[in-house]
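Listed here are the chains, written in short residue letters.
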Amino acid sequence: MTMPVAGPRGALVLGGGVAGIAAAFRLRDAGWSVELHEAHPWLGGRAFTLPSRAGEPPIDNGPHVILGCYDEFRWLLRRIGSEGRFARATRLTLAYRERDGRASALRLLPGPVPLTFPIALLTTRALRWRDRLRAARGLAASLFVPKDGCSLAQWLTRHRQDGAPRAVLWDPLCRAILNAEAEEVDAALLLATLKRAFGGAGRRGAILVPDAPWSAIVGEPALAGLRDEGVTVRLASRVAALEIDDGAVCAVRFADGTRRTVARDELVLSALPWHAFAQVAPGVTDAARLQGKPMLSVAFWCEHDPGLPADPLVALVDGEPFHFVCRRAGEPRERFAVISGGARGLDGVGVDAIVTRALEQLRRAFPAARLASGVHARVCKESRATLWPRPGERALRPPAGPVPGIDNLLLSGDWTDTGLPSTLEGAARSARLAVACASRA
Ligand SMILES: Cc1cc2nc3c(=O)[nH]c(=O)nc-3n(C[C@H](O)[C@H](O)[C@H](O)COP(=O)(O)OP(=O)(O)OC[C@H]3O[C@@H](n4cnc5c(N)ncnc54)[C@H](O)[C@@H]3O)c2cc1C
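Residues numbered from 1 in each chain as written. Predicted model: local features only at pLDDT ≥ 70, side-chain atom pairs only at ≥ 80, totals over all residues. Heavy atoms only, no water.

A. Focus on the domain arrangement of the chain. Split into domains, the chain comes out as domain 1 (10-48 + 214-290 + 397-440), domain 2 (107-201) and domain 3 (291-387). Centre-to-centre separation of domain 1 and domain 3, based on C-alpha positions: 33 Å. Every contact between the two is made by 9 residues of domain 1 and, on the other side, 7 residues of domain 3. Interface area, domain 1 with domain 3, both sides summed: about 730 Å², of which 60% is carbon and sulfur. Applying the counting rule to domain 1 against domain 3 returns 0 salt bridges. Here domain 1 and domain 3 share 3 residue pairs in polar contact (both at pLDDT 80 or more) between them. When grouped by side-chain class, the residues that make up the side of domain 1 that touches domain 3 number 4 nonpolar, 2 polar and 3 charged. (Domains from an automatic or database assignment. Contact = heavy atoms within 4.5 Å. Buried area = accessible area lost by both parts, 1.4 Å probe. Salt bridge = Lys/Arg side-chain N within 4 Å of Asp/Glu carboxyl O. Polar contact = N/O pair within 3.5 Å; in protein donor to acceptor, adjacent residues only side chain to side chain. Nonpolar A, V, L, I, M, F, W, Y, C, P; charged D, E, K, R; others polar.)

Below you can see the structure in the form of structure tokens.
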């Protein structure tokens, strides 16, 4: 890759999600003059807060949580002053609710996870004795990431995890991290993430829940921080096409009809999602062959305390169609959301029917809850919330970094091959990997 060694070091970052924001900060740190173009009138990408309707509390496009081991994303949070906006959790705790309303939990003791996780599994009331031993064995097996491209479901069967261990341990982890069902995901991708989370200190495996709307955590402070550092941020600036000539991007065309010439010694870093990149640069990667997974959530706010547990995250065991109940840290008991990840079971179902199904499932799982009246709801559906990490998909994900044959183009985004699933951490990591290539050159 040919990169400038002297003279103007201009860099265009396309897309203002987590990958684009992190890349813009890192390029600035490396001495580039940075211009960022984002299609929406806000930054933050897929983690943002919906424009408020009258009478509604601030509602995110879908609840997001992070793990303590999200080092790259936490670097960005520190950079924009948001790392303190998460409840302090020093170890993994996950509350469960069975279909019949029985409550249980998995709570790790303080200490290294390889020690405390088996103890938590062997003592949890969420599993019967025999199943506890099976789950602990499965956890030990997960230290060895399979290389044969099997699905998570195949891996679980191979390691005798079907039944209760799968329902209590693996399905919630798979849905929370990969936003999909075990049958349809690459086992290696989940297990690689679990190894990072559960291979060391307890705080790395903790689930961190935000205490504020996501726009206040990422988009708004990032916009202020980037502008403070001299980055030119152009909002509502939608890229329509990259013009590529003689092995380099020579211009970027925008949806408003304008065209920005790109000098040969300038850099273009795409932080667009896969479907947008496939449109603006058709044929450059296999992005058009990648598929997304939806996520549907229903945000509730009640006129009274409905009596749901105070836990920030409750996994609904064998839950269908909703898999989790969650709430922001410190939020009043009247507010919570339910999430249905990955599955397409609610496709084509109307908003009112979705709310009805959510309430029915909540009443079954929490028989004492008061949800008969004074309950308001808003349904949020993201049709391409995350990349679908099918077995074999990795071969279609380009590495974060240079695009072979195009001298001044770098790729980033949660869909590039970072070794991680498409998450906030994957997005932030892709930015570091891509910018490292620019800096090395
Ligand atoms: C509802 C929901 C819940 C999620 N929950 C979690 C979670 O709990 N934990 C977790 O780690 N991850 C979660 N994710 C995934 C996470 O949000 C993404 O992996 C991450 O935000 C992707 O960041 P990105 O920068 O790679 O892409 P994006 O966030 O998609 O950013 C790309 C940006 O490019 C812009 N853009 C698109 N087209 C153009 C164009 N033509 N011109 C200019 N700009 C353009 C977009 O507007 C966007 O701002 C969730 C996602 C959703 C939707």
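B. Structural detail: the sheet that holds strand E18 (residues 406-411). As summarised here, the arrangement of the 6 strands in space is E7-E2-E1-E11-E18-E17, forming an open sheet in which the pairing is mixed. Looking along the sheet, the strands with just one partner apiece sit at the ends: strand E7 (232-234) and strand E17 (401-403). Shown here is a sheet whose adjacent strand axes are inclined to one another by a mean of 25°, direction ignored. Sheet strands in contact with helix H1 (residues 18-29) are strand E1 (10-14), strand E2 (33-37) and strand E11 (267-270), and its direction is about 170° off that of E2. (Pairing = 2+ DSSP bridges. Helix = DSSP H or I, 4+ residues; strand = E, 2+ residues; numbered from the N terminus. Axes fitted to C-alpha atoms, helices over the stretch in contact; angles between N-to-C directions.)

C. The arrangement of the sheet that holds strand E5 (residues 103-107) in detail. The strand order across the open sheet built from 7 strands is E5-E4-E13-E14-E15-E12-E16, with neighbouring strands paired in mixed fashion. Because the sheet does not close on itself, it has two edges, and the strands there are E5 and strand E16 (375-387). Strand-to-strand twist in this sheet, taken as the mean axis angle between neighbours without regard to direction, amounts to 25°. Direction of pairing for strand E13 (residues 313-316) relative to strand E14 (residues 324-326): antiparallel, over a ladder of 3 bridges. Looking at E14, one finds that Ala 315 is bridged to Phe 324.

D. View of the site of the ligand. In the vicinity of the ligand lie 34 residues, with Glu 38, Arg 46, His 64, Val 65 and Asp 414 positioned nearest. At 2.8 Å from a nitrogen atom of the ligand is found a main-chain nitrogen or oxygen belonging to Val 239. Here the ligand has 1000 Å² of accessible area as a free molecule, and 94% of this is covered by the chains. Going through the elements one at a time, H1, E16 and helix H11 (424-440) are the ones with two or more residues in the shell around the ligand. Broken down by element, the residue count for the shell around the ligand peaks at 3 residues, all from E16. Residue classes in the shell around the ligand are distributed as 15 nonpolar, 14 polar and 5 charged. When residues of the shell around the ligand are assigned to domains, at least three map to each of domain 1 (10-48 + 214-290 + 397-440) and domain 3 (291-387). (Near = heavy atom within 4 Å. Areas by Shrake-Rupley, 256 points an atom, 1.4 Å probe, with all protein chains shown as cover.)

E. View of the environment of Pro 321. Take Pro 321: it is sitting in the loop between E13 and E14. Pro 321 sits in the buried class, given a relative accessible area of 6%. Along the chain, Pro 321 and Gln 361 lie 40 residues apart, while their C-alpha atoms are 8.3 Å from each other. If near-sequence neighbours (up to four positions away) are discounted, Pro 321 is found in contact with Ser 340, Leu 346, Arg 357 and Gln 361. (Buried < 20%, exposed > 50% of the residue type's maximum accessible area, 1.4 Å probe, protein only.)

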